[in-house]
Amino acid sequence: MRLREVPVRQQSIVLMGFMGVGKTTIGSLVAQKLYRSFVDIDEEIEKEFGMPTTDIFKVHGETVFREHEKNLIQSYCEQKLKIISIGGGAFMQPEVREACLANCTVFYLDVSWEQWKERLDILIDSRPILQNRDLAEIEKLFYERQGAYSLNHSTLSVNDQSPEQIADHIVESLKLAWDIYEPQ
């Protein structure tokens, strides 16, 4: 199933961006506002393995995690009417980008490095990709991912906005797009 085969109003919505940007919180709010089901890919993988992401990385390795991540995302991207939150590293995989961009509407939740750094203390223990890295290495990773993140349907800055404000903006922009592409 490809984007053009599914009416715009029924396409699933993908939220992507750097870890800790608020994809899960915002995705849950958007799902409530649009009466859609919400899927957090990391949570689905954790359920499948029966352990947190950090333990999956330690026990099985990042390669196994990324393969499961890719397969799940490709599967959900072929479904209609979902709000899908994908992990910060998922969009680095070309197959994930292709599945998301071809079948869904992709929102990039963008945050400045300065704003993101303020979240580091609450993220460091739960994000395996941050383990054993210093601030300079994390900053390098942050900027390395920007190229892949720039491939999206809509970029939304989350700096200085509440999750509720961001969710409302996403819903309003979707409704506007739906009216333009599929007038009633």
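Before reading further, recall that the structure is shown in the block above.
How each quantity is defined
All residue numbers refer to positions counted from 1 along the written sequence of the respective chain. Local features in a predicted model are, by the rule used here, given only for residues with pLDDT of at least 70; side-chain atom pairs are given and counted only at 80 or more, and totals for whole chains, interfaces and linings are based on all residues. The side-chain numbers reported here are obtained from all heavy atoms of the structure, hydrogens and water having been left aside. Under the scheme used here, helices are H or I runs from DSSP no shorter than 4 residues and strands are E runs no shorter than 2 residues, and both carry numbers assigned from the N terminus. Only C-alpha atoms enter the radius of gyration; for comparison, a globular chain is expected to reach 2.2 Å times N to the power 0.38, where N is the number of residues. Only protein chains enter the accessibility calculation, which uses a 1.4 Å probe; a residue is then buried when its area is under 20% of its type maximum, exposed when over 50%, and partly exposed in between. Any pair of residues with heavy atoms lying within 4.5 Å of one another is described as a contacting pair. Any two strands with at least two DSSP bridges between them are considered paired. The span expected for a helix works out to 1.5 Å for each residue beyond the first. Cavities and pockets are defined on a 1 Å grid built over the protein atoms alone: a cavity is a set of grid points where a 1.4 Å probe fits but cannot escape, while a pocket is an open set with protein on both sides within 12 Å along at least five of seven lines, and lining residues are those with an atom within 4 Å of any such point. Grid points are joined across faces, edges and corners, and a volume is the space filled by probe spheres set on the points. Classification used: nonpolar for Ala, Val, Leu, Ile, Met, Phe, Trp, Tyr, Cys and Pro, charged for Asp, Glu, Lys and Arg, polar for all others including Gly.

### Some points on the overall build of the protein
1) Next: Counting its regular elements, the protein contains ten helices and five strands.
2) Next: Relative to its length of 184 residues, the protein is compact, with a C-alpha radius of gyration of 16 Å against a globular reference of 16 Å.
3) Next: With respect to the principal axes defined by its C-alpha atoms, the protein has extents near 55 × 35 × 25 Å.
4) Next: Relative to its full complement of 184 residues, the protein shows a buried share of 46%.
5) Next: When contacts within the protein are restricted to residue pairs at least 6 apart in sequence, long-range pairs at least 24 apart make up 75% of them.

### Here's the deal with the pairing of strand β3 (residues 82–85)
Regular strands place side chains that alternate from one sheet face to the opposite one.
1) Next: The alternating pattern of β3 places Lys 82 and Ile 84 on one face and Ile 83 and Ser 85 on the opposite face, and all of these are buried.
2) Next: Two elements, strand β2 (residues 37–40) and β3, share four bridges in a ladder whose sense is parallel. From the neighbouring strand, Ser 37 faces β3, where its bridge partner is Lys 82.

### Thoughts on helix α4 (residues 62–77)
1) Next: Relative to the 22 Å expected for 16 residues at 1.5 Å per residue, α4 spans 22 Å between its end C-alpha atoms, a close match to the ideal helical length.
2) Next: Every buried residue of α4 is listed here: Phe 65, Arg 66, Glu 69, Lys 70, Leu 72, Ile 73, Tyr 76 and Cys 77.

### Considerations on the layout of surface pockets
1) Next: Of the pockets and cavities examined, the largest pocket occupies roughly 490 Å³.
2) Next: Lining of the largest pocket is provided by 28 residues; of these, Met 19, Asp 42, Gly 87, Gly 88 and Arg 127 occupy positions nearest its centre.
3) Next: For the lining of the largest pocket, the elements supplying multiple residues, two or more each, are α1 (23–34), α2 (41–49), α3 (53–59) and α4.
4) Next: For the lining of the largest pocket, the class distribution of residues is eight nonpolar, eleven polar and nine charged.

Coordinates in, geometry out; function isn't part of it.
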